[in-house]
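One-letter residues, chain by chain:
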Amino acid sequence: GNSVTQMEGPVTLSEEAFLTINCTYTATGYPSLFWYVQYPGEGLQLLLKATKADDKGSNKGFEATYRKETTSFHLEKGSVQVSDSAVYFCALTLDYKLSFGAGTTVTVRA
Amino acid sequence: EAGVVQSPRYKIIEKKQPVAFWCNPISGHNTLYWYLQNLGQGPELLIRYENEEAVDDSQLPKDRFSAERLKGVDSTLKIQPAELGDSAVYLCASSLVSGTGDYNEQYFGPGTRLTVT
């Protein structure tokens, strides 16, 4: 079946530090890949996506590149802010069904 | 534009009691999803509707869970009777699926946090 494995948290960083959250996937086809973010008290929001190999998704300073050869979609941000504190979910979709990773809690300290 | 609305936001019930959750999707979205999110895990799909039709309910525990989407707009998810293990967050999402096979973004509501005691 389809599955997503992402780096376990929690991750605690200082403001302006570099953030990376690893994500790998298993799929029986060619999925689209996503990163969702869940801020405290809010619903899941799509952060970025990539629909085919070598695509790079980017938004709000975050980036992730669809690597088919390593079945990975690692999330990176060069300089985090306190407002980036949230839970980040890696996900894939095939046939409209989203499969999520377990989530990684990120806390950024001022 | 209003997002996906869910109510209640929190619910505490005793085991063996019934409970219902309500979802109002984004206006015009033909596809609605219910997800279950256990603590420390990612959401898992329970059921997907396209208009009024449940097109994927393979993960819905049908012995105690039921859902409906009358008129293809609002939806309710019911548990009867609730068990301790049902304590979780129940998320609703909606999207506009055109049938071209391309991914259409799912917009999520804030969820209903259920506690069964």
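Residues numbered from 1 in each chain as written. Chains lettered and ligands numbered in written order. Predicted model: local features only at pLDDT ≥ 70, side-chain atom pairs only at ≥ 80, totals over all residues. Heavy atoms only, no water.

Caption draft 1: Geometry of the interface of chain A and chain B. Opposite the 18 residues of chain A that make contact, chain B presents 24 residues. Taking both partners together, chain A and chain B bury about 1,500 Å²; carbon and sulfur atoms supply 57% of that area. Ranking the residues of chain A by area buried against chain B places A:Leu44, A:Tyr96 and A:Lys97 at the top, with a combined share of 40%. Connecting chain A to chain B are 0 salt bridges. Counting across the interface, chain A meets chain B through 1 residue pair in polar contact (both at pLDDT 80 or more). Breaking the side of chain A that touches chain B down by element, the ones donating at least two residues are β5 (32-38), β6 (44-50), β10 (86-94) and β11 (97-100) of chain A. Here the side of chain A that touches chain B is built from residues that sort into 9 nonpolar, 5 polar and 4 charged. (Contact = heavy atoms within 4.5 Å. Buried area = accessible area lost by both parts, 1.4 Å probe. Salt bridge = Lys/Arg side-chain N within 4 Å of Asp/Glu carboxyl O. Polar contact = N/O pair within 3.5 Å; in protein donor to acceptor, adjacent residues only side chain to side chain. Helix = DSSP H or I, 4+ residues; strand = E, 2+ residues; numbered from the N terminus. Nonpolar A, V, L, I, M, F, W, Y, C, P; charged D, E, K, R; others polar.)

Caption draft 2: Just unusual backbone geometry, in detail. Here B:Ser7 and B:Pro8 are connected by a cis peptide whose omega angle stands at -10°. Look at the link from B:Gln80 to B:Pro81: it is a cis peptide, with omega at -5°. Inspection of the secondary structure puts B:Pro81 in the loop between β8 (75-79) and β9 (88-95). One non-glycine residue, A:Glu16, lies in positive phi territory at about 75°. Position of A:Glu16 relative to the elements: it lies in the loop between β2 (11-14) and β3 (19-21). Judged by its relative accessible area of 60%, A:Glu16 falls in the exposed class. In the Ramachandran plot, A:Asp54 falls in the positive-phi region, its phi being about 75° despite a non-glycine side chain. Assignment of secondary structure puts A:Asp54 in the loop between β6 and β7 (56-59). A residue is classified by how much of its surface remains accessible, and A:Asp54, at 54% relative accessible area, is exposed. (Buried < 20%, exposed > 50% of the residue type's maximum accessible area, 1.4 Å probe, protein only.)

Caption draft 3: Spotlight on the state of the cysteines. All names here are of chain B. According to the stated counting rule, one finds 2 disulfides over all chains in the structure shown. Here cysteine 23 is linked by a disulfide to cysteine 92, with a sulfur-sulfur distance of 1.9 Å. Its torsion about the S-S bond being -70°, the disulfide of cysteine 23 and cysteine 92 is classed as left-handed. With cysteine 23 in strand β3 (residues 19-24) and cysteine 92 in strand β9, this residue pair connects regions lying 69 residues apart in the sequence. The buried category is assigned to cysteine 92, whose relative accessible area is 0%. (Disulfide = S-S within 2.5 Å.)

Function-wise, these values are silent; they only describe arrangement.
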